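Structure assessment
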Amino acid sequence: MRLSVIGCGYLGAVHAAAMASIGHEVVGIDIDPGKVAALSRGEAPFFEPRLPELLEEGVGSGRLAFTTDISAAAGAAVHFVGVGTPQQQSGHAADLSHVDEAFDSLLPHLRPGDVVAGKSTVPVGTAADLAERVATTGATLVWNPEFLREGWAVQDTIDPDRLVVGVPEGDEGERAAGILREVYHPAVAKGTPFIITDFATAELVKVAANAFLATKISFINAMAEIAEVTGADVTLLADAIGHDVRIGRRFLGAGIGFGGGCLPKDIRAFAARAEELGRRESVSFLREVDAINLRRRDRAVQLVIDGLGGSVFGKRVAVLGAAFKPFSDDVRDSPALDAAVRLRGLGADVVVTDPQAIENARRLHPQLTYIADRDEALRDADAVLLVTEWDEYRRQLTPEHAASLTRGRVVVDGRNSYDPKAWRAAGWTYFGMGRP
Ligand code: UGA
């Protein structure tokens, strides 16, 4: 099928490449000429495992092209819109200006019978408004939220857990759902749940999923706070409750908490939208989820201060990680950089290292010192703070090796990734998060 993908960020670029890889003819459209130029050369403008291979193959085969020219969308049977919906400059609601601009520019190129599939994460109610505008062209809007995780984006797009499509009522909705089934034919053929809903449900599924994941993380971090005053070990607690299949162990990783371009802004936008709908109290717990999450960053910084005897002033702190999670170079709302900036503000000599995210981190926080080489970053440090659990810092760093490089022997494990016994045995003062 001929497809267009409007917006070539994390979502759109991966979607375009993944759709080409399953046999579609795809044009990706973005207003950023730099991004389009890189993608047209078959290069990924950000770090995402497997994406470079897919881009190279797609562009090389001629099935995948990128352009800044929106008129290239004309003639595609399905137009995916995956532009960003960041948090507003002032306030917690989502900024829908990119969605509005994308639809404004796309509408003149739609033909009767086309399907427009919104993928951006939007406040519930957005699709119904957009559907009226799309209907004036004779095309049909569906809402098809995306659940990909950065670092696993290609796999999540080609082989998702479920497909959700919000459609208008009646024959038109059924026809559009049928077309989406064709688009996702390999996943549909292997029996991936394909859930057809109304617009509001589809929009809500997305924010509810992220709200649930954020709540799960903050729940275990709340238990970490209790563990800290009782001497309990939150990692054992998570293992024990996680054996109950109704609870499950995944996303019960206590530590410095969640960041990134999705969970933090999505729970805030959800709370803001609920308030507009007169249902503030229904999701007021999300404010607690947010507050617990941010307190963990304070806690990590405090542990470094405590470890260094009450002050970090003039002390060298090696921060392992800048990305908001491993297998990503994304530093949006990264707990790692937040902690690094705060420690620097307290007078520490902070050195940040990361295998992929230094360039992005430097753009956001040029005042920090970055050293790409892990061992050079550790050299002469008085304290080590692990914040992004890349294998280089977790599995491949032994406490003995670290001790051979650092001046001090204080380690704060912001992801509860290390074996405290092993680090203590090597002479370190070990601090976990919610561990004795
Ligand atoms: C998240 C969702 O997991 C995806 O399903 C969704 O599609 C995506 O947002 C989105 O809305 O686009 P992502 O932001 O890539 O995906 O990252 P996650 O893997 O969810 O991790 C989010 C944060 O939670 C990271 O900072 C991670 O370190 C943290 N985390 C995760 C924990 O602190 N503890 C855990 O146990 C798990």
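Residues numbered from 1 in each chain as written. Predicted model: local features only at pLDDT ≥ 70, side-chain atom pairs only at ≥ 80, totals over all residues. Heavy atoms only, no water.

So, about the nonpolar core. Grouped together as the largest cluster of nonpolar side chains are 49 residues, with contacts concentrated most on V304, L343, V352 and Y418. Filtering out sequence-adjacent residues up to four positions away, V304 remains in contact with V312, V317, L343, A383, L385 and V412. Grouped together as the second largest cluster of nonpolar side chains are 40 residues, C8, I22, A117 and L148 included. (Core = buried A, V, L, I, M, F, W, Y, C linked by side-chain atoms within 4.5 Å. Buried < 20%, exposed > 50% of the residue type's maximum accessible area, 1.4 Å probe, protein only. Contact = heavy atoms within 4.5 Å.)

In this section: the site of the ligand. Around the ligand, 21 residues are found, and the nearest of them are L148, E150, K206, N210 and G253. Between an oxygen atom of the ligand and a main-chain N or O atom of F147, the distance comes to 2.9 Å. Within the contact set of the ligand, an oxygen atom lies 2.6 Å away from a backbone nitrogen or oxygen of L148. When contributions to the shell around the ligand are tallied by element, the ones reaching two or more residues are α9 (199-230) and α11 (263-276). (Near = heavy atom within 4 Å. Polar contact = N/O pair within 3.5 Å; in protein donor to acceptor, adjacent residues only side chain to side chain. Helix = DSSP H or I, 4+ residues; strand = E, 2+ residues; numbered from the N terminus.)

Mapped onto the fold, N221 is located in helix α9. From its side chain, N221 meets the backbone nitrogen of G255 in a polar contact 2.9 Å long. Every residue in contact with N221, bar those within four places of it in the chain, is listed here: A254, G255, G257, I292 and R296.

Take the sheet that holds strand β12 (residues 383-386) next. With parallel pairing, 6 strands are arranged side by side in an open sheet as β11-β10-β9-β12-β13-β14. Each end of this open sheet is capped by a strand with a single partner; those strands are β11 (369-370) and β14 (429-431). Looking at chain direction, strand β10 (residues 349-353) and β11 are connected through 2 bridges and run parallel. Paired with V352 across the strands is Y370, a residue of β11. Here helix α12 (residues 285-307) sits on the sheet in contact with β9 (316-320), β12, β13 (410-413) and β14, set at roughly 165° to β13. The strands touched by helix α13 (residues 335-345) within the sheet are β9, β10, β11 and β12, with β10 carrying the most contacts at an inclination of about 160°. (Pairing = 2+ DSSP bridges. Axes fitted to C-alpha atoms, helices over the stretch in contact; angles between N-to-C directions.)

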